[in-house]
Amino acid sequence: MAETEATVEGTRVPIENWTEWPAREALAGVGVPRRRQVVTWVVRTALVGVFLWGVLREGVFHGWGYAALAGGFLLCAGAVWRFYFSTLGRRLWLSVGLLGVLLAVGAAAESAGAHAVATGLWCVCATIAVERLPLGYGMAVAGVGMAAYVLVNEDRSLTTAGTVAGVLLIGYALRLDEEARGAGFRLLAQERAARQAEAESAALAERARIAREIHDVLAHSLSAQLVHLEAARLLIEGRADRQQILERVSAARGMAREGLAETRQALSALRGELTQAEDFLREAAASEGARLEVTGEPRRLPAEAGQAVRRVAQEALTNVRKHAPGARVEMGFAYLEGEVELWVRDGGGRGSVGVPALPGAGYGLLGMRERAELLGGTLEAGPAGDDQEGFVVRLRVPA
């Protein structure tokens, strides 16, 4: 039910909007357990049976009066049934008109002396009006029904007032119950939608991560192959020895195989099946003849942090081969509090001075920098400085 707010002595107080329909979920009975539906229909059937039994015991109807009673009962039952669907469609005036049928049949029954029939119809009309109509209109219709009941009722004033209050409270209690159930159903639907959106977002993030891993692997592998193939081209143009050319081509072929192996390793890393980053760094340092220094207390790294360390190490070593071939390489890996740090430095060599710092260090290092930033880390690359020759790449990522 829609609500507005008013200010009372500086405090915001919710005020019910009397012209707003109950929620569709409340009107439709969405989310009602089957057991409760069965119990509700059993109770309704019992109440109708008790009502009819009381009418018959009243002894007002005789002969053709029973036919009138049956016809009136069918007319009222049809009006109530149609009222359910008209309120579900939020057709206000049709709904009010159908309740007017109940009020009119009740008046006719009262004029015929069937006081129990009239009382029952007016009470039912008031109850379902408050339950299913916008509260302002529902109270107006209920007021008409209860006013008719008060006018013809001959019971004590206290009993009459109690009956009126009880009917209105029952209708309003049913309304609140249905609204609460409808609100619960809407929250459940929103939670399911949020979970679905979260699952879709996770799937997209996973796809992006896989794409990034494969891109980095291929970029590293293809750039290394390009170095060897370019060297082979120069050897061919210079009419070099056939064996030298074959070595370069074989090296490029080996890099292609390594690229495929690294692709498989990347997929394994995404499944949490990869070896530790420290072990990979030792193997990489040994294969490149580099010196590796590991400090800190070793621990298992998250998959993404481990992959970032691997990719940056590979990219840095590839840059050394491309821009400073033959240079001395030093590597360091430190387990810090809440993060890890990797640095790779070459000792200077042919081409080393010409390697620019970020952001002009090349698309490989730019990609590594983006990867580090996505993880909440940093990547720095540039001249070693401090009177040291060469180029240094330094990565820090949370882990």
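What counts and how
- Residues numbered from 1 in each chain as written.
- Predicted model: local features only at pLDDT ≥ 70, side-chain atom pairs only at ≥ 80, totals over all residues.
- Heavy atoms only, no water.
- Helix = DSSP H or I, 4+ residues; strand = E, 2+ residues; numbered from the N terminus.
- Buried < 20%, exposed > 50% of the residue type's maximum accessible area, 1.4 Å probe, protein only.
- Contact = heavy atoms within 4.5 Å.
- Areas by Shrake-Rupley, 256 points an atom, 1.4 Å probe, with all protein chains shown as cover.
- Expected span 1.5 Å × (residues − 1).
- Arc of directions from axis to C-beta.
- pLDDT = per-residue confidence, 0-100.
- Pairing = 2+ DSSP bridges.
- Right-handed = clockwise from strand over helix to strand, strands pointing away.
- Salt bridge = Lys/Arg side-chain N within 4 Å of Asp/Glu carboxyl O.

(A) View of the overall build of the protein. Of the regular secondary structure elements, the protein holds 11 helices and seven strands. Buried residues in the protein amount to 37% of all 399 residues. For the protein, contacts bridging at least 24 residues in sequence account for 66% of all contacts bridging at least 6. Surface accessibility of the protein: about 22800 Å² in total, with carbon and sulfur atoms responsible for 60%.

(B) A look at helix α9 (residues 277–288). With 12 residues, α9 extends 16 Å between its outermost C-alpha atoms, agreeing within 8% with the 16 Å of an ideal straight helix rising 1.5 Å per residue. Taken together, the buried positions of α9 are Ala277, Glu278, Phe280, Leu281, Ala284 and Ala285. Looking straight down α9, one finds that the buried residues subtend no more than 155° of arc, so they occupy a single side. Exposed positions of α9 whose direction lies more than 90 degrees from the buried face are Glu283, Ala286 and Ser287. Buried-residue contacts for α9 involve β3 (291–295), α10 (303–323), β4 (329–336) and β5 (339–346). One or two positions beyond α9, positive phi appears at glycine 289, with a value near 70°.

(C) Up close: the confidence of the model for the protein. Chain-level pLDDT for the protein is 77 on average; 78% of the residues reach the 70-or-more range. Per-element mean pLDDT across the protein ranges from 42 in strand β1 (residues 3–8) up to 92 in β4. Here residues 1–15 scores under 50 on pLDDT; set against residues more than four positions off or in separate chains, the count is 19 contacts. This stretch, residues 350–363, has a pLDDT under 50; its non-local contacts, to residues over four places away or in other chains, come to 24 contacts.

(D) Representation of the pairing of β3 in the model. Pairing geometry for β3 and β4, over five bridges, is parallel. Each residue of the ladder has a partner; that of leucine 292, found in β4, is methionine 331. Remark: the β3/α10/β4 crossover connection has left-handed handedness.

(E) Summary view of the pattern of salt bridges. Evaluation of the coordinates by the stated rule reveals 11 salt bridges. Close ionic contact of glutamate 230 with arginine 233 constitutes a salt bridge, the shortest N to O distance being 2.4 Å. In this pair, glutamate 230 and arginine 233 are both assigned in helix α7 (residues 157–237), three residues apart and thus about one turn of the helix distant. On the basis of relative accessible area, glutamate 230 is assigned to the partly exposed category, the value being 32%. You can call arginine 233 partly exposed: its relative accessible area is 37%.

(F) Quick peek at unusual backbone geometry. The backbone of arginine 90 shows a phi angle near 55°, a positive value even though the residue is not glycine. With respect to the element layout, arginine 90 can be found in the loop between α3 (64–88) and α4 (92–111).

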